[in-house]
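Below, each chain spelled out in residue letters.
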Amino acid sequence: MVIVHHLEDSRSQRVLWLLEELGADYEVKRYNRDPETSLAPPELYDIHPLGKSPVITDGDVTVAETGAIFEYLIETYDQDARLKPEAGSQAARDFTYWLHYAEGSAMTNLLLKLVFSRLPERAPRLMRPLVKQISGRAETGFIDPRIQEHVAWWETSLARSGYFVGDALSGADIMMSFPLEAAATRADLSSCPNIAGFLKRVHARPAYQAALERGGPYAYA
């Protein structure tokens, strides 16, 4: 039985969705963020030394990092090979790229956007105007243009089939859902019909909806 150590409003929601698509049995152990810091609770350190989510346990196996979790679950539970292309194919190479890009290049500037946008409210009151000015310049001068570069790349990549790999949903699409959902809350995607269509399709999937029911409220949905 897979146990998903699930932090609210986090990347672990994708793990629940993947498990639903795989039809695998799993349990959800929920963790709430600290209301002041938004950080994960210390109980997660009992599962993994870094105290982060997502992390899963499957018998005596513990796996952390979303990409590694996806590789493990697909290798172990995707008996029909529905969610990963045949090894050695160009599609398989594309799959590997998007699987790791999602947590690498795609998320870096989105996380910077989140951090810099929250700096003013967490600064001492007298310092807030200055911090707001500095953080605003960092966002408009560097972070926002980088995000738009990635958004343009997603829009172009989805133009062919509506999916990132092949002509149907794969594990790479499930991985990429989080950056796209995060970007939708932090960037203007009104001129991106392919991204909008992708999010509409995946949000309508029964497995996605079932994962939301199991995982609870999800701010990016």
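Residues numbered from 1 in each chain as written. Predicted model: local features only at pLDDT ≥ 70, side-chain atom pairs only at ≥ 80, totals over all residues. Heavy atoms only, no water.

Caption draft 1: Molecular detail of the environment of Asp25. Mapped onto the fold, Asp25 is located in the loop between α1 (12-22) and β2 (26-31). Here the alpha-carbon distance between Asp25 and Leu189, two residues 164 residues apart in the chain, equals 36 Å. Beyond its immediate sequence surroundings of up to four residues, Asp25 is in contact with Met1 and Val2. (Helix = DSSP H or I, 4+ residues; strand = E, 2+ residues; numbered from the N terminus. Contact = heavy atoms within 4.5 Å.)

Caption draft 2: Structural detail: the packing of aromatic side chains. Applying the stated rule across the entire model yields seven aromatic pairs. Their ring planes at 20° and their centres at 5.6 Å tell us that Trp98 and Trp153 sit as a pair that is stacked. Residue Trp98 is located in helix α3 (residues 90-101), and its partner Trp153 is located in helix α5 (residues 128-158); the two are separated by 55 residues in the primary sequence. Its relative accessible area of 4% is what places Trp98 among the buried residues. Taking 4.6 Å as the distance between ring centres and 50° as the angle between the ring planes, the aromatic pair formed by Trp98 and Phe164 counts as tilted. Within this pair, whereas Trp98 is found in helix α3, its partner Phe164 is found in the loop between α5 and α6 (171-186), the two being separated by 66 residues in sequence. By the burial criterion, Trp98 is buried, and Phe164 matches it. (Phe/Tyr/Trp six-rings, centres within 6.5 Å; stacked < 30°, edge-to-face > 60°. Buried < 20%, exposed > 50% of the residue type's maximum accessible area, 1.4 Å probe, protein only.)

Caption draft 3: The arrangement of the pattern of salt bridges in detail. For the structure shown, the criterion picks out eight salt bridges. A salt bridge links Asp167 to Arg160, with the shortest nitrogen-to-oxygen separation between them at 3.1 Å. Considered together, Asp167 and Arg160 belong to a single accessibility category, that of exposed residues. Salt bridges here are not isolated pairs; linked through shared partners, they connect Arg11, Arg14 and Glu103. (Salt bridge = Lys/Arg side-chain N within 4 Å of Asp/Glu carboxyl O.)

Caption draft 4: Representation of a nonpolar patch on the surface. Residues Met127, Leu130 and Ile134 make up a contiguous nonpolar surface patch of about 270 Å² in total accessible area. Take Met127: it is sitting in the loop between α4 (105-122) and α5. Among the residues examined, Met127 registers a relative accessible area of 41% and is labelled partly exposed. (Patch = residues over 30% accessible without salt bridge, like charges linked within 9 Å, V, L, I, M, F, W, Y side chains within 5 Å. Areas by Shrake-Rupley, 256 points an atom, 1.4 Å probe, with all protein chains shown as cover.)

Caption draft 5: Main features of the layout of surface pockets. Its volume calculated, the largest pocket comes out at about 960 Å³. Lining the largest pocket are 32 residues; nearest its centre among them are Leu7, Arg11, Arg33, Ser38 and Leu111. Among the secondary structure elements, those contributing two or more residues to the lining of the largest pocket are α4 and α6. Tallied by class, residues from the lining of the largest pocket come to 16 nonpolar, seven polar and nine charged. (1 Å grid on protein atoms, 1.4 Å probe; cavity = no way out; pocket = protein on both sides within 12 Å on 5 of 7 lines; lining within 4 Å. Points joined across faces, edges and corners; volume = space filled by probe spheres on them. Nonpolar A, V, L, I, M, F, W, Y, C, P; charged D, E, K, R; others polar.)

Caption draft 6: Local environment of the nonpolar core. Grouped together as the largest cluster of nonpolar side chains are 54 residues, with contacts concentrated most on Leu73, Trp154, Phe164, Leu180 and Ile195. For this core, the element with the most residues is α6, which contributes eight residues. Excluding residues that lie within four positions of it along the chain, Trp154 makes contacts with Trp98, Tyr101, Ala106, Leu110, Phe164, Met176, Pro179, Leu180, Ala183 and Ile195. (Core = buried A, V, L, I, M, F, W, Y, C linked by side-chain atoms within 4.5 Å.)

These figures come from the coordinates and say nothing about function on their own.
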